[in-house]
Structure formats: C-alpha cells, structure tokens
Amino acid sequence: MSSVIFIFLTDKYQGKYLKWSAANAFKSMLPNDVKHMQSSLSRQLSLEGHLVERGLIVQYLEAVFHEATVSWLIEMDQLIHALQHPSFGRMIEIASCTKNGIRILSHQQTCQAIINAFKTRLLDLHKCFLVSMTLIQKLVSFLISCCRVVLSQGKSI
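Here's what I pulled together on the structure shown here. Each chain has its residues counted from 1, running along the sequence as written. For this predicted model, a pLDDT threshold of at least 70 governs which residues receive local features, and a threshold of 80 or more governs which side-chain atom pairs are given and counted, while totals over whole chains, interfaces and linings are taken from all residues. Where side-chain values are given, they derive from all heavy atoms of the structure, hydrogens and water being excluded.

## Focus on the environment of Leu135
Turning to its location among the elements, Leu135 is positioned in helix α6 (residues 133-152). Along the sequence, Leu135 and Leu122 sit 13 residues apart, while their C-alpha atoms lie 9.7 Å from each other. Think of it this way: any DSSP run of H or I at least four residues long counts as a helix, any run of E at least two long counts as a strand, and we number them from the N terminus.

## Some details on the nonpolar core
We call a set of buried residues a nonpolar core when its members are Ala, Val, Leu, Ile, Met, Phe, Trp, Tyr or Cys and they connect through side-chain atoms within 4.5 Å of each other. Each residue's exposure class comes from its accessible area (1.4 Å probe, protein chains only) as a fraction of the maximum for that residue type: buried when under 20%, exposed when over 50%, partly exposed otherwise. The biggest cluster of nonpolar side chains holds 7 residues, and these are Cys111, Ile115, Leu122, Ile136, Val140, Ile144 and Cys147. For this core, the secondary structure elements donating two or more residues are α5 (107-129) and α6. A total of 4 residues in this core trace back to one element, the largest contributor, which is α6.

## Considering the environment of Phe65
By the element assignment, Phe65 lies in helix α3 (residues 62-75). For Phe65, a relative accessible area of 28% corresponds to the partly exposed category.

## Observations regarding the packing of aromatic side chains
Only the six-membered ring of Trp is used, alongside the rings of Phe and Tyr, when aromatic pairs are assigned; centres must lie within 6.5 Å, and planes under 30 degrees apart are stacked while those over 60 apart are edge-to-face, with the rest tilted. Enumeration over the complete set of coordinates arrives at 2 aromatic pairs. Taking 5.3 Å as the distance between ring centres and 55° as the angle between the ring planes, the aromatic pair formed by Trp20 and Phe26 counts as tilted. A residue is classified by how much of its surface remains accessible, and Trp20, at 44% relative accessible area, is partly exposed. The class of Phe26 is partly exposed, set by a relative accessible area of 40%.

Right under this line is the structure:
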C-alpha cells in the first residue's frame with residue numbers, strides 16, 4: 001500500500017519536488033534519480049580519470065643530498081660557507097616539506113622579486129631616516145635599468 005501512495009505522490013508532486021531540490025542544492029531522492037546515480041557510480045570501471053600523474057619523486061638519502069650540495073657548490077662556484085648560511089638551511093627546510101616538488105622562479109621573476117625586496121628596504125630606510133623620496137626613486141630606477149640590461153644580454157644575475 002505504501003508503494004501505491006508513494007507512486008501517486010511522486011506523480012503528483014515530482015515537478016515541485018525537483019524544483020525545490022534544485023533551488024536548495026539538495027540531491028533528488030526519487031527512485032528514478034537514485035537508480036540513475038547508482039548506475040553512474042557503477043559505470044566507473046577504473047581510476048584512470050581520477051589519478052594525477054606526479055613527476056619523478058626522488059627519495060631522500062643523506063649521501064645523495066651531500067653529493068648534490070657539493071655538486072651545486074662546484075657548478076655555481078659558491079663558497080663552502082654558503083652551505084652553513086642560515087638562509088640556505090631555511091630554503092632546504094622549506095623545500096623538504098613539499099609533497100609535489102618545487103617550482104624555481106625564472107631569471108625575470110627572480111629579478112622582479114629582488115627589485116621588490118630592494119624597494120621595500122628603501123622605503124623602510126625612508127621611514128627610518130627620512131631620506132629624500134627622489135633619491136629612493138633614482139636608486140630603484142637605476143636598479144631596474146641594470147637588471148633589464150643584464151637580462152637583455154642573456155646573462156644570469
């Protein structure tokens with residue numbers, strides 16, 4: 001008996017129910033809609049469309065890390081003390097926490113970041129020592145022109 005009443009109510013109020021469920025972000029629980037949802041879930045035969053390919057993940061080994069740091073020192077012509085610098089240690093700590101690898105800034109992005117940091121420091125100096133703003137603007141424009149010349153020649157900064 002309950003199924004006869006349910007069919008009657010579904011036929012009579014289906015339009016209003018569907019309109020209400022759409023307006024209230026509610027999943028329709030009418031029998032046909034439930035069957036449709038179940039059949040669409042059963043059609044998922046594999047995880048292919050849901051998996052995201054990640055690049056090669058290098059497992060951390062202390063020997064490999066030491067080899068990479070020595071190689072970096074040699075190739076970048078850095079001083080040995082660069083490895084003991086607190087900012088280098090901080091950079092390694094931050095990078096070691098990532099799960100999806102890191103993205104290195106391009107030369108142009110790095111140059112822009114240096115210019116932004118320089119501007120910030122100069123503005124801080126202006127606030128502390130009341131240095132003339134025209135002097136700060138001249139210094140910033142000089143730095144920007146130097147970076148552009150270096151980038152246009154294809155040299156790294």
